[in-house]
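Okay, here's what each chain looks like letter by letter:
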Amino acid sequence: MKSMKTKMKRLLAVALCAAMAVSAGACSGADSGSSEKTSSAGSQAVSAAAGSSAPQPMRYVAPGSDWPMQDEVIAKVNEKLQADGVNIEVKLQRIPWDAWDQKTQLMISSGEEFEMLHVMQDKKQVGILYGQGALAPLNELFDSGKYDDLKSKFTDNVWKEVTSQGNILAVPAMSTANQGKSYGDISYRKDVADKLGLKTPTTVDEVIDFAKAIQAELEKETGKKIYAWGGTGRPAEWYLRSLDEDYFYVDTALTLVKVDQDGTVSSWVESEEFKNSCKLYERFNKEGLIHPDSLSLGHEYGSNEILYGRWAIGFDSGMPVENEQQLQKNVPGAEIGVFQLAPEKNDFITFYTYNCNAVPVTSKHPEAALDFLQWLYSDQENHDLFMYGIEGETYNAVGDNRKEKILGEDGKALYQYDEWQIAYQPLRRFEDGMSDRLIALDSRRRDLDEEAVVSVATGFMFDSTPVADAAANLSAEAESLLAPLKCGLVSYDEGFESALSTLKAAGLDEYLAEYDKQFQEFLSGQSK
């Protein structure tokens, strides 16, 4: 790890552009945004409220666009902070997605001072950003004892994932209990299954029969051809969990690398499990459960079909449970059901949290970020105020854990901070109308970390820089070559050898060797 870090430190500041860049589709809740703006409303009102010293700015840089009532909400947040004796002043700096890359690069490289930066770990691990000189370690602040309450909000395993070589580099953003965990969930129209008296499947063969029965009923109701959706972009986790073998991790970047629990790195596409998964989807295709144009139609088409209740089955969730409210608006009486094969098996954790909030090295007051986060996560009222705004003006609280957004004339929320960036799941409010059953599904994993199987790859992020050409070639080829096989639209026996030959020519072996080298260094560092 030491040599790897030294190499990363040699990168120029311009590399921060790639380090923090992310496309709008990479994290849920991304919006296209308009012009950049810093919201610092309420500064005059609170400047003297905390006593003799002016409040310390807490400038939070995050991707997205502003809301119509953002200034009013942040003014109230700052008033509440002062009333609670927290002498900071929150200033939101929302950067549109199309400018996030260039702007954050410039801010860091030019030494611009701000106190908190949002980091998307599914694209760049905090350890890489630290190695590039972008983030400040937080150990001294946590060792002081002042932030023990904040530290207690997350398990040791979650903290490990924002820690590199002993340095705590960020505070996790655990907006949901379901991030980074491979459950292999299968979703379906529960109302239709109940109507038909179907039993929950326990085998792959039963899954096929189950899907065909729902498909036939919905085709009769709608007069439209119905298909299965989901589960082909990544490994078929719903199927893999049913296998009588140890769990393994498949890297999500290009889905080319398989990592066993003993640390062995190998080619996923050359594995027996990949072969069997492709052949399984061939069966689904032959049974008429895979849309013949699914690859060209894209994710949006399938998502829309699901939102209108037109799906036989959804693999690997297929449909997030929180979407049931929208489904029921489109199809009154529709319900989402979820099951797993081999439900007795523990869940498999490959990533605890995709999102976190870090302190940039340009900050002269790193404590301001921790002061804010400790305040935010300490109390339901504080969390409601920052996340959802002013009750009665931007939202209405409904019961203990639900809310109703208040919309503007354009039909969009007047204010609702992006939950995926900073919300704390135990304090989160769900949309009014979401059933107790689905809230339980969303929350069911919160206390299972100690029971789950944790991947040895958890916390590892591959740096493709040393094999940039191979990575670029594989990125250009892999999806187009493998997607037809994974979807079952092209026979594995007929298409695999040609696809593998092209991937080898593109640099697959070189890519795997570098991945293995970095991963073994990662494991060595973990054992120290």
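Overview of the structure. A quick note: this is a predicted structure, and the numbers were derived from the prediction, not measured.

The secondary structure content of the chain amounts to 22 helices and 20 strands. Accessible area of the chain: about 22,300 Å², with a carbon and sulfur share of 47%.

Let us now look at the sheet that holds strand E11 (residues 257–260). Taken in spatial order, the three strands make up an open sheet running E10-E11-E12, and their pairing is antiparallel. What marks the edges here is a single partner per strand, and that holds for strand E10 (248–250) and strand E12 (265–267). Along the sheet, successive strands turn relative to each other by an average axial angle of 30°, direction set aside. The sheet contact formed by E11 and E12 spans three bridges and is antiparallel. Bridge assignment links Lys258 to a residue of E12, and that residue is Ser266.

Here we come to unusual backbone geometry. The phi angle at Thr255 is positive, at roughly 50°, despite the residue not being glycine. By the element assignment, Thr255 lies in the loop between E10 and E11. In this structure, Ala342 takes a positive phi of about 50° despite not being glycine. In this structure Ala342 comes out as buried when scored by relative accessible area, which is 13%.

Next up on the list: the packing of aromatic side chains. Under the defined criterion, the tally for this structure stands at 34 aromatic pairs. Centre to centre, the rings of Phe154 and Trp159 are 5.7 Å apart; their planes meet at 80°, and the pair counts as edge-to-face. Looking at Phe154, the relative accessible area reads 7%, which means it is buried. Through a chain of ring-to-ring contacts, the aromatic side chains of Tyr60, Trp67, Phe372, Trp375, Phe386, Tyr415 and Tyr417 assemble into a single cluster.

This part takes up the sheet that holds strand E17 (residues 395–398). As summarised here, the arrangement of the three strands in space is E17-E18-E19, forming an open sheet in which the pairing is mixed. Looking along the sheet, the strands with just one partner apiece sit at the ends: E17 and strand E19 (430–431). Pairing analysis gives four bridges linking E17 to strand E18 (residues 402–405), with the strands arranged antiparallel. Counterpart to Val398 in the pairing with E18 is Arg402.

Under the 1.5 Å per step criterion, the end-to-end length of helix H13 (residues 272–286) is 21 Å for 15 residues, consistent within 8% with the ideal 21 Å. Within the sequence span of H13, burial applies to Glu273, Phe274, Ser277, Cys278, Leu280, Tyr281, Glu282 and Phe284.

Before going further, it helps to spend a moment on the side chain of Thr104. With respect to the secondary-structure elements, Thr104 resides in helix H5 (residues 97–109). Within the structure, the side chain of Thr104 is placed 2.6 Å from the backbone oxygen of Trp100, a separation counted as a polar contact.

Glancing now at the environment of Val77. Tracing the backbone through its elements, the reader meets Val77 in helix H4 (residues 70–83). Accessibility expressed as a relative area gives 0% for Val77, which makes it buried. The spatial distance from the C-alpha of Val77 to the C-alpha of Leu376 is 9.8 Å, given a sequence separation of 299 residues. In this structure, Val77 is in contact with Val90, Trp375, Leu385 and Phe386, ignoring residues within four places of it in sequence.

Glancing now at a negative patch on the surface. Negative charge collects at one region of the surface, where Asp244, Glu245, Asp246 and Asp262 lie side by side. Looking at the secondary structure, you find Asp262 in the loop between E11 and E12. Residue Asp262 is classed as exposed on the basis of its relative accessible area of 63%.

Moving on to the pattern of salt bridges. If you walk through the whole model with that rule in mind, you get 26 salt bridges. With its nearest N and O atoms 2.8 Å apart, the salt bridge here joins Glu217 to Lys195. Residue Glu217 is located in helix H11 (residues 204–222), and its partner Lys195 is located in helix H10 (residues 190–196); the two are separated by 22 residues in the primary sequence. On the basis of relative accessible area, Glu217 is assigned to the buried category, the value being 7%. In this structure, the salt-bridge partner of Lys504 is Glu270, at a minimum N-O distance of 3.3 Å. Taken together, the residues Lys504 in helix H21 (residues 492–506) and Glu270 in the loop between E12 and H13 connect sequence positions 234 residues apart. One connected set of salt bridges, linked through shared partners, spans Lys195, Glu217, Lys220 and Glu221.

We now examine the environment of Thr264. Here Thr264 is to be found in the loop between E11 and E12. Judged by its relative accessible area of 36%, Thr264 is partly exposed. For the pair Thr264 and Phe519, spaced 255 residues apart in sequence, the C-alpha separation works out to 9.3 Å. When near neighbours in sequence (up to four residues on either side) are disregarded, Thr264 contacts Lys258 and Val259. Polar side-chain contacts of Thr264 include one of 2.8 Å to the side chain of Asp262.

A separate point is the environment of Ser480. If you trace the backbone, Ser480 turns up in helix H20 (residues 468–486). Along the backbone, Ser480 and Leu295 are 185 residues apart, and their C-alpha atoms lie at a distance of 9.3 Å. A distance of 3.0 Å separates a polar atom in the side chain of Ser480 from the backbone oxygen of Glu477.

It is worth spelling out the state of the cysteines at this point. Here, disulfide denotes a covalent bond that connects the sulfur atoms of two cysteines. Counted under the stated rule, the structure contains zero disulfides. Of all cysteine sulfurs in the structure, the one in Cys278 sits closest to Cys487, which takes part in no disulfide; the separation is 9.3 Å.

Packed helix pairs are specified by the crossing angle of their axes together with the interaxial distance, meaning the distance between the axes. Running from N to C, H11 and H13 point in directions that differ by 25°, and their axes come no closer than 11 Å. Our classification of the angle between H11 and H13 gives roughly parallel. In the crossing of H11 with H13, the sense of the turn from one axis to the other is right-handed. Residues Val204, Asp205, Val207 and Ile208 of H11 form the contact with H13, whose own contacting residues are Leu280, Arg283 and Phe284. Counted by class, the contact of H11 with H13 contains five nonpolar, no polar and two charged residues.

About the criteria used
Residues numbered from 1 in each chain as written. Predicted model: local features only at pLDDT ≥ 70, side-chain atom pairs only at ≥ 80, totals over all residues. Heavy atoms only, no water. Helix = DSSP H or I, 4+ residues; strand = E, 2+ residues; numbered from the N terminus. Areas by Shrake-Rupley, 256 points an atom, 1.4 Å probe, with all protein chains shown as cover. Pairing = 2+ DSSP bridges. Axes fitted to C-alpha atoms, helices over the stretch in contact; angles between N-to-C directions. Buried < 20%, exposed > 50% of the residue type's maximum accessible area, 1.4 Å probe, protein only. Phe/Tyr/Trp six-rings, centres within 6.5 Å; stacked < 30°, edge-to-face > 60°. Expected span 1.5 Å × (residues − 1). Polar contact = N/O pair within 3.5 Å; in protein donor to acceptor, adjacent residues only side chain to side chain. Contact = heavy atoms within 4.5 Å. Patch = residues over 30% accessible without salt bridge, like charges linked within 9 Å, V, L, I, M, F, W, Y side chains within 5 Å. Salt bridge = Lys/Arg side-chain N within 4 Å of Asp/Glu carboxyl O. Lys, Arg positive; Asp, Glu negative; His and termini not counted. Charge placed at Lys NZ, Arg CZ, Asp CG, Glu CD. Disulfide = S-S within 2.5 Å. Parallel < 35°, antiparallel > 145°, perpendicular 65-115°, else oblique. Left-handed = near helix turned anticlockwise from the far one by under 90°. Nonpolar A, V, L, I, M, F, W, Y, C, P; charged D, E, K, R; others polar.

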